[in-house]
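# Commentary on secondary and tertiary structure
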Amino acid sequence: MTLNLGFLCSHSGSNMEAIIKNVIENKLDANICVCISNNTDAFALTRAKQHNIPIYVINEKTYPNAVDNTIINTLKKHNANTIILAGYMKKLAKEVIDAFDCRVLNIHPALLPKYGGKGMYGMNIHKAVIDNGETITGATIHQVNNLYDDGRILAQKTIPILNNDTPQTIADKVLTIEHILYTETLIKIANNEIKFP
Ligand code: GRF
């Protein structure tokens with residue numbers, strides 16, 4: 001199956017940008033179909049626009065009581081078959097996940113199942129990792145289910161934690177490996193090395 005990617009982003013969209021770059025450079029065989037954000041000010045929308053990717057703001061203000069259906073319809077309208085959460089800060093409804101046969105992926109800036117769940121986002125994660133004296137951390141790509149950071153783990157990449165690391169230096173290093181890991185994982189999905197039952 002050709003990967004037709006539909007992105008959901010809330011903020012910067014650097015992971016989306018890294019994937020787009022790899023598609024443009026023919027490192028990943030995929031089509032980028034659409035970028036949806038819940039946040040009008042998301043820089044991800046600017047990035048997508050620069051690449052002529054259709055953009056949509058879908059939230060309770062723009063589509064009162066119709067967010068989930070509108071997300072599904074918009075992704076389907078643009079023929080997305082694989083949904084990529086990249087810094088999407090909203091919980092996705094079960095209907096949306098089911099509408100795409102669970103082909104919905106997320107990236108998390110820690111080694112799940114540790115440091116996941118409600119409240120575990122952004123700097124909170126990296127602070128907790130340091131406070132607990134971890135010696136490694138990293139990033140995880142997982143399938144999305146209706147719980148936070150809970151679905152099947154598809155791929156992980158680790159980095160060592162050094163004595164002089166701060167939450168910010170860890171955040172920067174993890175983001176750098178995220179940009180590599182997402183495309184690597186999508187290549188495995190495209191090659192059927194990672195399968196969706
Ligand atoms: C990443 O750290 C990702 O793991 C988390 O949100 C951040 C998104 O960054 N889910 P960006 O918007 O892709 O730059």
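To be clear, the structure that these remarks concern was listed above.
Read on for an overview of the structure. (Residues numbered from 1 in each chain as written. Predicted model: local features only at pLDDT ≥ 70, side-chain atom pairs only at ≥ 80, totals over all residues. Heavy atoms only, no water.)

### Concerning unusual backbone geometry
- Note that the residue after Leu112, namely Pro113, is joined by a cis bond; omega there is 10°.
- Within the secondary structure, Pro113 is located in the loop between strand 5 (104-108) and helix 5 (122-131).
- Phi is positive for Asn26, which is not a glycine, with a value near 60°.
- Within the secondary structure, Asn26 sits in the loop between helix 1 (14-24) and strand 2 (30-37). (Helix = DSSP H or I, 4+ residues; strand = E, 2+ residues; numbered from the N terminus.)

### Focus: the site of the ligand
- If you check the shell around the ligand, you find Ser12, Gly13, Ser14, Asn15, Gly87, Ile107, His108, Pro109 and Glu178 and nothing else.
- At a threshold of 2 Å from the grid points, most atoms of the ligand map onto the largest pocket.
- Looking at the shell around the ligand residue by residue, the class counts come to 2 nonpolar, 6 polar and 1 charged. (Near = heavy atom within 4 Å. 1 Å grid on protein atoms, 1.4 Å probe; cavity = no way out; pocket = protein on both sides within 12 Å on 5 of 7 lines; lining within 4 Å. Sits in = over half its atoms within 2 Å of the grid points. Nonpolar A, V, L, I, M, F, W, Y, C, P; charged D, E, K, R; others polar.)

### Some thoughts on the pattern of salt bridges
- For the structure shown, the criterion picks out 7 salt bridges.
- A salt bridge links Lys173 to Asp165; the shortest N-O distance between them is 2.9 Å.
- We classify Asp165 as buried; its relative accessible area is 11%. (Salt bridge = Lys/Arg side-chain N within 4 Å of Asp/Glu carboxyl O. Buried < 20%, exposed > 50% of the residue type's maximum accessible area, 1.4 Å probe, protein only.)

### Concerning the packing of aromatic side chains
- A full pass over the atoms with the stated rule returns 0 aromatic pairs.
- Sitting over the ring of Phe100, Lys76 keeps its end group 4.6 Å from the ring centre.
- Above the face of the Phe196 ring, Arg152 is positioned so that its terminal group lies 5.6 Å from the ring centre. (Phe/Tyr/Trp six-rings, centres within 6.5 Å; stacked < 30°, edge-to-face > 60°. Lys NZ or Arg CZ within 6 Å of the ring centre and 35° of its normal.)

### Concerning the nonpolar core
- In terms of nonpolar packing, the biggest core is built from 41 residues, with Leu5, Ile19, Leu105 and Leu186 touching the most fellow members.
- Per-element accounting of this core gives the leading share, 7 residues, to helix 6 (residues 167-190).
- The contact partners of Leu5, leaving out residues within four places of it in the chain, are Ile19, Ala30, Asn31, Ile32, Cys33, Val34, Ala80, Thr82, Ile84 and Leu186.
- Among the nonpolar cores identified, the runner-up in size contains 21 residues, and Val34, Ile36, Tyr56 and Ile83 belong to it. (Core = buried A, V, L, I, M, F, W, Y, C linked by side-chain atoms within 4.5 Å. Contact = heavy atoms within 4.5 Å.)

### Some remarks on the packing of helix 1 against helix 6
- Here helix 1 crosses helix 6 at 50°, and the two axes come no closer than 9 Å. On the basis of the axis angle, helix 1 is oblique to helix 6. Like other packed secondary-structure pairs, helix 1 and helix 6 cross with a definite hand, here right-handed. Contacts between helix 1 and helix 6 involve Ser14, Asn15, Ala18, Ile19 and Asn22 on the former and, on the latter, Leu175, Glu178, His179, Tyr182, Thr183 and Leu186. (Axes fitted to C-alpha atoms, helices over the stretch in contact; angles between N-to-C directions. Parallel < 35°, antiparallel > 145°, perpendicular 65-115°, else oblique. Left-handed = near helix turned anticlockwise from the far one by under 90°.)

### Observations concerning the sheet that holds strand 5
- Taken together, 7 strands build an open sheet; the order of strands is 3-2-1-4-5-6-7 and the sheet is mixed. Both edges of this open sheet fall to strand 3 (55-57) and strand 7 (153-160), since each of them pairs with a single strand only. Within the sheet, the average angular offset between the axes of one strand and its neighbour, ignoring direction, is 20°.
- The pairing of strand 4 (residues 82-85) with strand 5 spans 3 bridges and is parallel. Its bridge partner lying in strand 5, Ile84 is registered against Leu105.
- Each of strand 1 (3-9), strand 2, strand 3 and strand 4 touches helix 3 (residues 67-77); the most contacted strand, strand 2, lies at about 155° to it.
- Across the sheet, helix 6 is in contact with strand 1, strand 4, strand 5, strand 6 (136-143) and strand 7; its angle to strand 7 comes to roughly 150°. (Pairing = 2+ DSSP bridges.)

### A short note on the side chain of Thr82
- Within the secondary structure, Thr82 is located in strand 4.
- What makes Thr82 buried here is its relative accessible area of 0%.
- With near-sequence residues (within four places) excluded, Thr82 lies in contact with Leu3, Asn4, Leu5, Gly6 and Arg103.

### Points about the layout of surface pockets
- Within this model, the largest pocket holds a volume of roughly 940 Å³.
- Residue lining of the largest pocket: 41 residues in total, with Gly87, Met89, Ile107, Pro109 and Tyr121 positioned closest to the centre.
- When contributions to the lining of the largest pocket are tallied by element, the ones reaching two or more residues are helix 1, strand 5, helix 5 and helix 6.
- In terms of residues, the lining of the largest pocket owes the most to one element, helix 6, which gives 6 residues.
- Looking at the lining of the largest pocket, its residues break down into 18 nonpolar, 16 polar and 7 charged.
- For the second largest pocket, the lining is made up of 13 residues, of which Asn59, Glu60, Val67, Tyr88 and Lys90 are closest to its centre.
- Take the lining of the second largest pocket: its biggest share by element is 3 residues, from helix 3. (Points joined across faces, edges and corners; volume = space filled by probe spheres on them.)

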